[in-house]
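Each chain, letter by letter, is given below.
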Amino acid sequence: MKEYSLRNTILLYLLVSVNVFIKILLFHWFCFDGLMFSSLWRNPVAFGAFYLPKITAAMFIGSFVFMFKSNRWIYIVLPITDIWMLANFIYYRSYGSFLDIYALSLAGNMKGFWGSVIFYIDWCVLSWILITPIVCVIYKKWFSNNRKRQIPIGVVALAISWVVSWSGVELFRKQCEKQYFVAEELDHWYSSLDPRMRVRLMTRNVVQTTRQFSILHIVVNDMIDFIERKSNHVMLTDDDISTIQQFIQHNQDVSMRFTQPLIIIIVESLEDWAVDPQIMPNLSEYINKHKTLRVKNITSQVGGGNSMDGQMILNTGLLPIHEGSVSFLFPENKFPSIAECKQGEATVIVPHPVEVWNQMLMSKAFGYDTTISVLPDETLLFDKAIECINQGYQIIQVITMASHAPFTDFEEYFTLRVNEDMPKYLGDYIKALNYTDACMSDLLTELDTASYLSDEVLVVTGDHKIFYPKLREEYQAYCDENQLNYNVSSPYCPLIISSNTLPESKILSEEVYGQIDIYPTIVSCLGIEHYYNG
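Described below are features of the structure shown in this document. (Residues numbered from 1 in each chain as written. Predicted model: local features only at pLDDT ≥ 70, side-chain atom pairs only at ≥ 80, totals over all residues. Heavy atoms only, no water.)

Some details on the overall build of the chain
How we decide: A run of H or I in DSSP becomes a helix once it reaches four residues, and a run of E becomes a strand once it reaches two; helices and strands are each numbered from the N terminus. Remark: exposure states derive from per-residue accessible area (1.4 Å probe, protein chains only) relative to the maximum for the residue type, with buried under 20%, exposed over 50%, and partly exposed in between. Every residue pair with non-hydrogen atoms within 4.5 Å of one another is taken to be in contact. Each accessible area value is a Shrake-Rupley result obtained with a 1.4 Å probe; residue values ignore everything except the protein chains displayed when judging cover.
The helix and strand tally for the chain stands at 20 helices and nine strands. Expressed as a percentage of the 534 residues in the chain, the buried residues total 53%. Sequence separation of at least 24 residues holds for 79% of the intrachain contacts in the chain that already meet a minimum separation of 6. Element-wise, carbon and sulfur atoms account for 60% of the exposed surface of the chain, whose accessible area totals about 25600 Å².

Quick word on the nonpolar core
Put simply, the test is: What we call a nonpolar core is a set of buried Ala, Val, Leu, Ile, Met, Phe, Trp, Tyr and Cys residues that are connected through their side-chain atoms within 4.5 Å.
I265, W273, I349, L426, L443 and F467 are the most contacted members of the largest nonpolar core, which totals 56 residues. Of all the secondary-structure elements, those providing two or more residues to this core are β1 (262-267), α13 (281-289), α17 (378-390), β5 (395-399), α18 (424-449), β6 (457-462) and α19 (469-481). The biggest single contributor to this core is α18, with eleven residues. When near neighbours in sequence (up to four residues on either side) are disregarded, W273 contacts I279, L426, Y429, I430, F467, R472, Y486, N487, V488 and S490. I264, A339, V457 and L502 belong to the second largest nonpolar core, which has 39 residues in total.

Regarding α17
Think of an α-helix as turning once every 3.6 residues; residues three or four places apart then point the same way. Using the following cut-off: Under the convention used throughout, the expected extent of a helix is 1.5 Å for every residue step, that is, one less than its residue count. Note that the arc is defined by the directions from the helix axis to the C-beta atoms. Any pair of nitrogen or oxygen atoms within 3.5 Å is treated as a polar contact; in protein, a donor-acceptor pairing is required on top of that, and neighbouring residues in sequence qualify only through side-chain atoms on both sides.
Between its first and last C-alpha atoms α17 spans 19 Å; for 13 residues at 1.5 Å apiece the expected length is 18 Å, and the two agree. Every buried residue of α17 is listed here: E378, L381, F382, A385, I386, C388 and I389. Along the axis of α17, the buried residues cluster in a sector spanning 160°; they form a single face. Residues of α17 that are buried sit in contact with β1, β3 (346-350), β4 (370-373), β5 and α18. Capping the start of α17 is the job of one residue whose side-chain oxygen sits 2.9 Å from the backbone nitrogen of T379: D377. Positive phi shows up at G392, right after α17, with a value of about 95°.

Quick word on the packing of α13 against α18
Selection rule: For every element, the axis is a line fit to its C-alpha atoms; helices are fit only across the contacting stretch, and the angle between N-to-C directions ranges from 0 to 180 degrees.
Their axes nearest at 7 Å, the elements α13 and α18 cross at an angle of 35°. Contacts from P281, N282, L283, Y286 and K289 of α13 reach α18 at N434, D437, A438, M440, S441, L444, L447 and D448.

Thoughts on the packing of α17 against α18
In plain terms, the rule: For classification purposes, an angle smaller than 35 degrees is called roughly parallel, one larger than 145 roughly antiparallel, one from 65 to 115 roughly perpendicular, and anything else oblique. Should the near helix be turned anticlockwise from the far one by less than a right angle, the crossing is left-handed, and should it be turned clockwise, the crossing is right-handed.
It is the contact of α17 with α18, at a shortest axis distance of 8 Å, that shows an interaxial angle of 15°. With respect to α18, the axis of α17 lies roughly parallel. The chirality of how α17 crosses α18 is right-handed. Along the contact surface, α17 presents E378, T379, F382, D383, A385, I386, I389 and N390, while α18 presents Y435, T436, C439, M440, D442, L443, E446 and L447.

With respect to empty space enclosed by the protein
The cut-off we apply is this: Whether a set of points on the 1 Å grid over the protein atoms alone is a cavity depends on a 1.4 Å probe fitting there but being unable to get out, while an open set qualifies as a pocket with protein on both sides within 12 Å along at least five of seven lines; lining residues are those with an atom within 4 Å of a point. Grid points are joined across faces, edges and corners, and a volume is the space filled by probe spheres set on the points. Here the term charged refers only to Asp, Glu, Lys and Arg, the term nonpolar to Ala, Val, Leu, Ile, Met, Phe, Trp, Tyr, Cys and Pro, and the term polar to all other amino acids, Gly among them.
This structure, assessed with the given rule, holds one cavity of 30 Å³ or more. Quantified by volume, the largest cavity comes out at close to 40 Å³. Lining the largest cavity, in full, are I266, G310, Q311, I313, L314, T461, G462, D463, Q515 and I518. It is helix α14 (residues 307-316) that contributes the most residues to the lining of the largest cavity, four residues altogether. Of the residues contributing to the lining of the largest cavity, the split by class is four nonpolar, five polar and one charged.

As for the pattern of salt bridges
Rules: The term salt bridge refers to a pairing of a side-chain nitrogen on Lys or Arg with a carboxyl oxygen on Asp or Glu at a separation within 4 Å.
All chains considered together, the criterion is met by ten salt bridges. Between D272 and K296 there is a salt bridge, with its nearest N and O atoms 2.9 Å apart. Pair noted here: D272 is in the loop between β1 and α13 and K296 is in strand β2 (residues 292-299), with a separation of 24 residues, a long-range link. Judged by its relative accessible area of 24%, K296 falls in the partly exposed class. The closest approach of N and O atoms between K289 and D448, which form a salt bridge, is 2.6 Å. Remark: D448 occurs in helix α18 and K289 occurs in helix α13; sequence separation between them is 159 residues. D448 sits in the partly exposed class, given a relative accessible area of 30%. Through salt bridges with shared partners, a single ionic network connects D272, R294 and K296.

Looking at the environment of V155
For V155, the location among the structural elements is in helix α9 (residues 151-185). Exposure remark for V155: the relative accessible area of 41% places this residue in the partly exposed category.

Description of the side chain of S441
Looking at the element boundaries, S441 is found in helix α18. Reaching out from S441, the side chain makes a polar contact with the backbone oxygen of A438 at a distance of 2.7 Å.

Quick notes on the packing of aromatic side chains
Defined as follows: Aromatic rings from Phe, Tyr and Trp, with only the six-membered ring used for Trp, were paired whenever their centres fell within 6.5 Å, and each pair was classed as stacked if the ring planes differed by under 30 degrees, edge-to-face if by over 60, and tilted otherwise.
Within the structure shown, the criterion is met by 14 aromatic pairs. With 5.1 Å between their ring centres and 45° between their planes, Y13 and F66 make a pair best called tilted. Separated by 53 residues along the polypeptide, Y13 in helix α1 (residues 6-32) and F66 in the loop between α3 (44-62) and α4 (73-95) bring together distant segments of the chain. Each of the two residues, Y13 as well as F66, counts as buried. Consider the rings of F60 and F64, whose centres lie 5.7 Å apart with planes at 90°: the pair is edge-to-face. On the basis of relative accessible area, F64 is assigned to the partly exposed category, the value being 26%. Ring pairing ties together the aromatic residues W273, F407, Y429, F467, Y475 and Y486, which thus form one cluster.

What follows is the structure, encoded as structure tokens:
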């Protein structure tokens, strides 16, 4: 029978702490591709600033060894740590940020979309999970399951790790905010690390806090956020509300309304390089036959609302909120939108239940009269759009789904063949977009040949980009080696606006624009530039 000793408890504390520390380093390596080893001799201060927070985070988890008699808690805490890191790793690959309280609140919205999560799991993700069983075997074999509590030691260890973590995160956040506001004063609202990407301040804080500290410090970051929001929360007075309403009314003129039919197609995860005759021949042919404005470099600016943020930016010209999704936090709002200047009926056609992203409420908030859910394939989706055109709807917004990761929900309908050695996800993405293009063909033919349509405006864009940087590098290398003229390394969405009312066709391919630029461009094409000059 194994006897208790303080020495064994301390060894168990070190075992758990080292286990968590290794996982933190692996997580950082998988996300950011570096562990700053060389800074040990180049910049020892930076080396210490990088590793000390990660050590204190591991110490915090390990400190609970002193608080419990039984080791059974390890069976709970270590797997939870693994799950937390795995979830954040996948979320980072998908959206470039990490899970906060607002992102977690959207978990119920994943119904039917879990395949897009599995898409980002590979061998490296699972590697750190194998460490936990090893630790469990070691402690089961060499450590007693019943020990004396060492609460004073545990409290001291917890306090030290927590104080160091809290003060460090708070100091780093203030430095980030200072850098942000300096950049804002210089009229340069871009990230210092990604100069071509507009980013939200809170996302920058979450990512940089994790990069500098550890994935476990997100909890500390969220707590500081919560306290700051509570302390800085300002309630608007009736006078404030009145002033805001007067400003909006003064800058918003809906007396003039547009009469042209407006068809908006938001293709799931559509990137500009994929608008190619080999991948999307029908759309490409339509573009070549009609006066078209094509903007090739549209930076995705979606936030926590993801696809719904893409809809909101296009329809309202508003950027996403800093935390969470507007579709769950403010679905009852009425937003300034293009649809407010319509004369006829407007509808949104979606390929999923109307509860996803609170689509029914958000369609109404954007000024649409109805939301139509069409299942199960995209041929029926565009058939419904043609039906709505024939019924006299003035605005029809169609949202596709076939190219949603992992791109295989409609694979039984795929007809395009790609090279057998092409990376699977790249090939599936290309085949999914080809399928969407084929489904779109009847609608494009209707727009092209219908005698009652002569001044319609067609808008095609993507809601956000799809591939994370590592995959882009791999896929671009494959395309170069196989002489495929696909610029997969370009992380931009397209904006395509076709209308006979345009003076000429034009391609903008040099400058980088934001999704925020789509709304005023559509408004200009409709001849209602006077609307909402705020």
